[in-house]
Amino acid sequence: MPAQAYAGKECVCQLRRSICDQSCVQGMLDTPFYIACLKLTGRRCVVVGGGAIGLEKVEGLLACDGRVTLVSPSAVPALEGLAAEGSISWERRSYRSEDLEGTFMVIAATGDTAINIRVYEEAEERAMLVNVVDVPPLCNFILPAVFRSGPLAVAISTAGASPALAKRIKEQIADEYGEPYARLAELLNEVRGWAKGSLPTYQDRKVFFESIVNGEPDPVELLRRGDERAVRDLIAAAQRSTVAA
């Protein structure tokens, strides 16, 4: 789109144009993102910015057991509370380059373009994961909308094109795939040890679990009706038939 379509909108990316002309996001929709689930337990994760968006990112990292450090001269009350109770570390000052040392991931959630660009560039120099909130060109990973229910997690990404659309899809997924699917995952996990000890090959285990998930009666429908015992009976029957074969 032409720059005049964004008259008055200041550039917030590393191209440092005086007025945003959207040239930085051209091709974002064609970017083939590599989708992965990151294990954050015990890893140092830094959030730069103590506002409401910073709080959202801190809470998301804590939910995944990240070891979170907040860097900001001030913070909203909820972040102050997390620091006071020891859930996060809080560096009550402006961002410094050394904040990235020993860090696995950094998220910049400030309203200062210069700081955001600096965080991005210094993280890239260290080959770190970096995300600048709401500025896709200043990210080497983007955060999808995530629906969670027990061990079940479904991520929805629009490659940064429309977070609002991703949120709508998330809500639809929550309606369609919820507690019954999460409970089925838990029940199947209970027999993973048995499957590994009793079924010699990956293909054997694959056939075993798919015979339950895709079998009749449908285990998800049974759980929707509250009949967990019937699902356990299905699993036990699959175990007996697999061993007999």
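Residues numbered from 1 in each chain as written. Predicted model: local features only at pLDDT ≥ 70, side-chain atom pairs only at ≥ 80, totals over all residues. Heavy atoms only, no water.

Draft legend 1. Region of interest: the packing of aromatic side chains. Tallied over the entire structure, the rule returns three aromatic pairs. Consider the rings of Trp194 and Phe208, whose centres lie 5.1 Å apart with planes at 50°: the pair is tilted. Of the two residues, Trp194 is situated in helix H6 (residues 192-198) and Phe208 in helix H7 (residues 202-213); the sequence distance between them amounts to 14 residues. A relative accessible area of 1% places Phe208 in the buried class. An aromatic cluster is defined as three or more aromatic residues linked by ring pairs; in this entry it consists of Trp194, Phe208 and Phe209. Here the guanidinium or amino end of Arg43 rests over the ring plane of Phe104, the centre of that ring lying 4.5 Å away. (Phe/Tyr/Trp six-rings, centres within 6.5 Å; stacked < 30°, edge-to-face > 60°. Helix = DSSP H or I, 4+ residues; strand = E, 2+ residues; numbered from the N terminus. Buried < 20%, exposed > 50% of the residue type's maximum accessible area, 1.4 Å probe, protein only. Lys NZ or Arg CZ within 6 Å of the ring centre and 35° of its normal.)

Draft legend 2. The arrangement of the confidence of the model for the chain in detail. Per-chain confidence: the chain averages 88 in pLDDT, with 87% of residues scoring 70 or above. The model gives residues 1-6 a pLDDT under 50, and that stretch makes eight contacts with residues more than four places away or in other chains. (pLDDT = per-residue confidence, 0-100. Contact = heavy atoms within 4.5 Å.)

Draft legend 3. The pattern of salt bridges, seen in detail. Going through the model one piece at a time under the given rule, you end up with 12 salt bridges. For Glu190, the salt bridge goes to Arg232, with nearest N and O atoms at 3.0 Å. Of this pair, Glu190 sits in helix H5 (residues 179-190) while Arg232 sits in helix H9 (residues 228-244), placing them 42 residues apart in sequence. Accessibility expressed as a relative area gives 48% for Glu190, which makes it partly exposed. Accessibility expressed as a relative area gives 28% for Arg232, which makes it partly exposed. Beyond isolated ion pairs, a larger network of salt bridges with shared partners links Arg183, Glu186, Glu190, Glu228 and Arg232. (Salt bridge = Lys/Arg side-chain N within 4 Å of Asp/Glu carboxyl O.)

Draft legend 4. Layout of H5. Helix length check: H5 (12 residues) gives 17 Å between terminal C-alpha atoms against 16 Å at 1.5 Å per residue, within 8%. Taken together, the buried positions of H5 are occupied by Pro180, Ala182, Arg183, Leu184, Leu187 and Leu188. (Expected span 1.5 Å × (residues − 1).)

Draft legend 5. Representation of the environment of Thr41. Here Thr41 shows up in the segment before strand E1 (44-48). Sequence spacing of Thr41 and Asp65 is 24 residues, and the spatial spacing of their C-alpha atoms is 4.6 Å. Those residues in contact with Thr41, other than ones at most four positions away along the chain, are Cys64 and Asp65.

Draft legend 6. Region of the structure containing the nonpolar core. Core analysis: the biggest nonpolar cluster contains 17 residues, and Val58, Leu61, Leu70, Leu79, Ile88 and Met105 have the highest contact counts within it. Counting residues per element, the ones that place at least two in this core are E1, helix H1 (52-63), strand E2 (67-71), helix H2 (77-84) and strand E4 (105-108). Not counting chain neighbours up to four residues away, the residues in contact with Val58 comprise Val47, Val68, Leu79, Leu82 and Ile88. (Core = buried A, V, L, I, M, F, W, Y, C linked by side-chain atoms within 4.5 Å.)

Draft legend 7. Up close: the pairing of strand E5 (residues 129-132). Here four bridges tie E4 to E5, and the two strands are oriented parallel to one another. Looking at the pairing, Val106 lines up with Val130 of E5. A crossover connection joins E4 to the parallel E5 through helix H3 (residues 113-125); in handedness this β-α-β unit is right-handed. (Pairing = 2+ DSSP bridges. Right-handed = clockwise from strand over helix to strand, strands pointing away.)

Draft legend 8. Inspection of the sheet that holds E2 at higher detail. Strands sit in the order E3-E2-E1-E4-E5 across an open sheet of five strands; the sheet is parallel. Because the sheet does not close on itself, it has two edges, and the strands there are strand E3 (89-91) and E5. The mean inter-strand angle of the sheet, taken between neighbouring strand axes irrespective of direction, is 15°. In this sheet, E3 lies alongside E2 in parallel orientation, the contact comprising three bridges. Residue pairing in the sheet places Leu70 in a bridge with Trp90 of E3. Packed on one face of the sheet, H3 meets E1, E4 and E5 and runs near 165° to E5. (Axes fitted to C-alpha atoms, helices over the stretch in contact; angles between N-to-C directions.)

Draft legend 9. Highlighting the pairing of strand E6 (residues 145-149). Residues Ala145, Phe147 and Ser149 point to one face of E6 and are all buried, whereas Val146 and Arg148, pointing to the other face, are not buried. Following E6, the chain reverses through two residues before pairing antiparallel with strand E7 (residues 152-156); Gly150 in that reversal takes a positive phi of roughly 55°.

Draft legend 10. Main features of the packing of H1 against H2. It is the contact of H1 with H2, at a shortest axis distance of 9 Å, that shows an interaxial angle of 35°. Classified by chirality, the crossing of H2 by H1 is left-handed. For the pair formed by H1 and H2, the contact residues are Gly54, Leu55, Val58 and Leu62 on the first element and Ala78, Leu79 and Leu82 on the second. (Left-handed = near helix turned anticlockwise from the far one by under 90°.)

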